[in-house]
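# Examining the three-dimensional arrangement
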Amino acid sequence: MQFYSESLTSYLRLPTKEVKVGELLLGNNHPIRVQTMTTTDTMDTMATVEQSIRCIEAGAELVRITAPSKKEAENLLHIKNELSRRGYKTPLVADIHFTPNAAEIAARIVEKVRVNPGNYVDKKKFELIEYTDADYAEEIERIRERFTPLVKISKEYGTAMRIGTNHGSLSDRIMSRYGDSPMGMVESAMEFLRIARCENYHNIVLSMKSSNPLVMVQAYRLLVKTMFDEFGEAYPLHLGVTEAGDGEDGRIKSAIGIGTLLEDGLGDTIRVSLTEDPELEIPVCKDIVKRYQGRSTKYEVRSTKFTTESQASDLQLSYSPFEYKRRETFSVDNIGGHHVPVVIADLSKLQSISPKDLQSIGYTYNEATDKWTISDSAADYVFTGHLVLNFALPGTLKVIVYPATWLMVEDKTKYFPIFDDSGYAKSEVKSNINFVMIDCDISNTDCSFLDDFTNDPSAVLCLSSQNALPFHSVRRMFTELMNKENKSPVIIIVDSNWQTPDEHLIHFATEAGALLLDGMGDGVCFGMTAEAYKKQESSIKNSSGRNYSQNLSVEQFINITAFSILQATRTRISKTEYISCPSCGRTLFDLQKTTAKIRAVTNHLKGVKIAIMGCIVNGPGEMADADFGYVGSGPGKITLYKGKEVVKRNVPSEIAVEELVNLLKESEVWVERSEVVFQS
Ligand code: SF4
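The structure displayed is predicted, hence computed values, not measured ones. (Residues numbered from 1 in each chain as written. Predicted model: local features only at pLDDT ≥ 70, side-chain atom pairs only at ≥ 80, totals over all residues. Heavy atoms only, no water.)

By size, the foremost hydrophobic cluster in this structure holds 162 residues, and its most contacted members are Phe147, Leu206, Met227 and Leu463. Take this core: its biggest share by element is twelve residues, from helix H7 (residues 213-231). In contact with leucine 463, other than residues within four places in its own chain, are Ile438, Cys440, Val474, Met477, Phe478, Leu481, Val490, Ile491, Ile492 and Ile493. If you look at the next biggest cluster of nonpolar residues, it comprises 28 residues, including Met613, Met623, Ala626 and Val651. (Core = buried A, V, L, I, M, F, W, Y, C linked by side-chain atoms within 4.5 Å. Buried < 20%, exposed > 50% of the residue type's maximum accessible area, 1.4 Å probe, protein only. Helix = DSSP H or I, 4+ residues; strand = E, 2+ residues; numbered from the N terminus. Contact = heavy atoms within 4.5 Å.)

Taken as a whole and judged by the stated rule, the model has zero disulfides. With no disulfide of its own, cysteine 55 lies closest to cysteine 285 among cysteine sulfurs, the gap being 10 Å. Take cysteine 55: its relative accessible area is 0%, and that puts it in the buried class. There is no disulfide at cysteine 525, and the cysteine sulfur nearest it, in cysteine 462, is 7.7 Å away. (Disulfide = S-S within 2.5 Å.)

According to the stated counting rule, one finds 48 salt bridges in the structure shown. For arginine 86, the salt bridge goes to glutamate 82, with nearest N and O atoms at 2.8 Å. Judged by its relative accessible area of 31%, arginine 86 falls in the partly exposed class. Lysine 484 is paired through a salt bridge with aspartate 451; the nearest N and O atoms lie 3.2 Å apart. Placement of lysine 484 in the loop between helix H13 (470-483) and strand S19 (490-496) and of aspartate 451 in the loop between strand S17 (434-439) and strand S18 (459-464) is noted, with a sequence separation of 33 residues between them. You can call aspartate 451 partly exposed: its relative accessible area is 42%. (Salt bridge = Lys/Arg side-chain N within 4 Å of Asp/Glu carboxyl O.)

Take the sheet that holds strand S24 (residues 637-642) next. Spatial strand order, S21-S22-S23-S24-S25: five strands in an open sheet with mixed pairing. Strands with a single pairing partner mark the edges of an open sheet, and in this sheet they are strand S21 (577-580) and strand S25 (645-652). Pairwise comparison of adjacent strand axes, ignoring direction, gives a mean angle of 20° for this sheet. As paired elements, strand S23 (residues 628-634) and S24 share six bridges and run antiparallel to each other. Within the sheet, the bridge partner assigned to glycine 632 lies in S24 and is isoleucine 638. Sitting on the sheet, helix H17 (residues 591-602) touches S21, strand S22 (609-613) and S23, and the angle it makes with S22 is about 160°. (Pairing = 2+ DSSP bridges. Axes fitted to C-alpha atoms, helices over the stretch in contact; angles between N-to-C directions.)

This part covers the site of the ligand. Neighbouring the ligand are Cys581, Ser583, Cys584, Arg586, Thr587, Gly614, Cys615, Asn618 and Gly619. Cavity membership is defined here by more than half of the atoms lying within 2 Å of grid points; on that basis the ligand lies in the largest cavity. For the shell around the ligand, the per-class residue count stands at three nonpolar, five polar and one charged. (Near = heavy atom within 4 Å. 1 Å grid on protein atoms, 1.4 Å probe; cavity = no way out; pocket = protein on both sides within 12 Å on 5 of 7 lines; lining within 4 Å. Sits in = over half its atoms within 2 Å of the grid points. Nonpolar A, V, L, I, M, F, W, Y, C, P; charged D, E, K, R; others polar.)

A word on the packing of helix H1 (residues 45-58) against helix H2 (residues 70-85). Where H1 meets H2, the axes come as close as 9 Å, and the angle between the chain directions of the two elements is 50°. Comparing the axis directions of H1 and H2 gives the class oblique. You can see that H1 and H2 cross each other, and the crossing is right-handed. Here Thr45, Met46, Thr48, Val49, Ser52, Ile53 and Ile56 of H1 come into contact with H2, specifically with Asn75, His78, Ile79, Glu82 and Leu83. Within the contact of H1 with H2, the residues separate by chemical class into six nonpolar, five polar and one charged. (Parallel < 35°, antiparallel > 145°, perpendicular 65-115°, else oblique. Left-handed = near helix turned anticlockwise from the far one by under 90°.)

What follows covers the sheet that holds S17. With parallel pairing, the eight strands of this closed barrel are ordered in space as S11-S14-S15-S16-S17-S18-S19-S20. Neighbour-to-neighbour, the strand axes of this sheet turn through a mean angle of 25°, independent of strand direction. With three bridges joining them, strand S16 (residues 415-420) and S17 adopt parallel strand pairing. When the bridges of S17 are listed, isoleucine 418 appears paired with phenylalanine 435.

The next thing to look at is the confidence of the model for the chain. Considering every residue of the chain, the mean pLDDT works out to 90; 92% of them sit at 70 or more. Here residues 304-314 is a poorly scored stretch, pLDDT under 50, and it has 28 contacts once near neighbours within four places are set aside; other chains count. (pLDDT = per-residue confidence, 0-100.)

Printed below as a string of structure tokens:
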């Protein structure tokens, strides 16, 4: 295997070893399994059973339960028996951190155990110790001694195992040699995998989770490459973005990370970690997975330099799938070059556009003062089709229209044309910014037409595809552009024809997010097909049962989604980032309520990363690169962190949010709420 995927030009799942979890088979092309984790106290048998049943009824094919110590591991037997008595045979997974003794008990009871190689044997001290080769080898031997008994028990009882690395909890040993990197995550799992293979134990699934989808995607790709390089085969992959948060942000982060890998054909089971009730994770998992059910493997995006046939020997990728580098472009006005990706709002489905309509894309007009207020997530351009606005535009907002309309518009400093590729070549009159639509159709193997745009300083290319593999088609076009050394900025256009708000979110996040993670794209424009738009007008507005994005217009929903995708791919930061754990049996406070409370007072702190973690055992390690941490450290007690450093210990929970705000103020990241106001 030269890269990490069976095919970069068609949808082909990576063949992995078959793993048996109770009666459930995963890997080896079995359906992608969906799973979740309970949030109840494991010692509360009935509460855990009831919640497990809600998850199973929602469609969970595996249910994970935390087992922090021997007593919880032992109680798994009561939970399993009660579930069985009620007719539920869904395999259970014990979640282990720090306690090999608990793992060894659980492996005799449940169908699968999850170990975290970062803390199964090691106690993390957040110290960077220098390890000689001899020290390192000695530590590996220590791991072998502690881990081998669990492997032997699992083998004897037919228990499966997940070796689950988390970006935030790498051991000091790994950190000292590989740093806080995707390669460190891979090596952390490989150390354990090699020991298991020595015992001829193969009932193993692997995961590489991070709260940052970019790190997570790179780690999984590197893991697959490393397994093939070393063993010539791969074990099944459990995909997930950890501490993804709640609402649309949690769904978007998860869909970007999981969706990017599923598009590459990687992934055998998924979990979407939301700070919500666990049964609410399952519909999101199902929405992600159903995109691949029945997907034809016969379609192939062809290209002279990007083909399956040539992949084994001479596939030429002009970017690295293992490290982030933004595609080099020149700038056309504020698009491309060093500019953050722009957001183009599609308002072309509106019959008419008034100042009030711009509120949905971040511009609020006050008639009394004749002033505009512009939010941090205000679109940069609007596409209006044939409509010309009969009012003065706010701030730097610009309008994209069809060429015939553009020719008639007087103010050519604010209006710009969008051509199709042949129309652009033929047009005699052009603007200083010309948007050029390119349909990246699979049948289009001849890309010589791209030569027309190479080094055209006014062309902004708009790539889209309506075929069966839109992501693969657009990625292939980016590769063609790079191979031709074309440096024109590119807008990623994604249309959705799905039905529900979550399906649209997932579609936009997967199709655009997967490209942005590989450094492709200088802007996004999302829309819905006419049929989907009509349906969503009512469904988004009346989205009862959802705890986020209610009562939004389609345009507002899409605008929020676009900015959230750019934030999750860390290509454009427009708001506060929350890293909140999904909670589990270790959680020491109501995570959902507390997250909402913290969000309410800090959601104007653009670019600040705040972690909200349920326990001090795993929280500090798992909160990865958060700037501030709010961590449960005992019943009614919160410990506040600045980076990895404890700054306020055991604060009473009643005043902890206030103390967090004080900490933000002391750290000079606090700003009062304000908005940019422009005279119209
Ligand atoms: S950080 Fe949250 S999910 Fe992780 S172990 Fe602690 S309470 Fe459970």
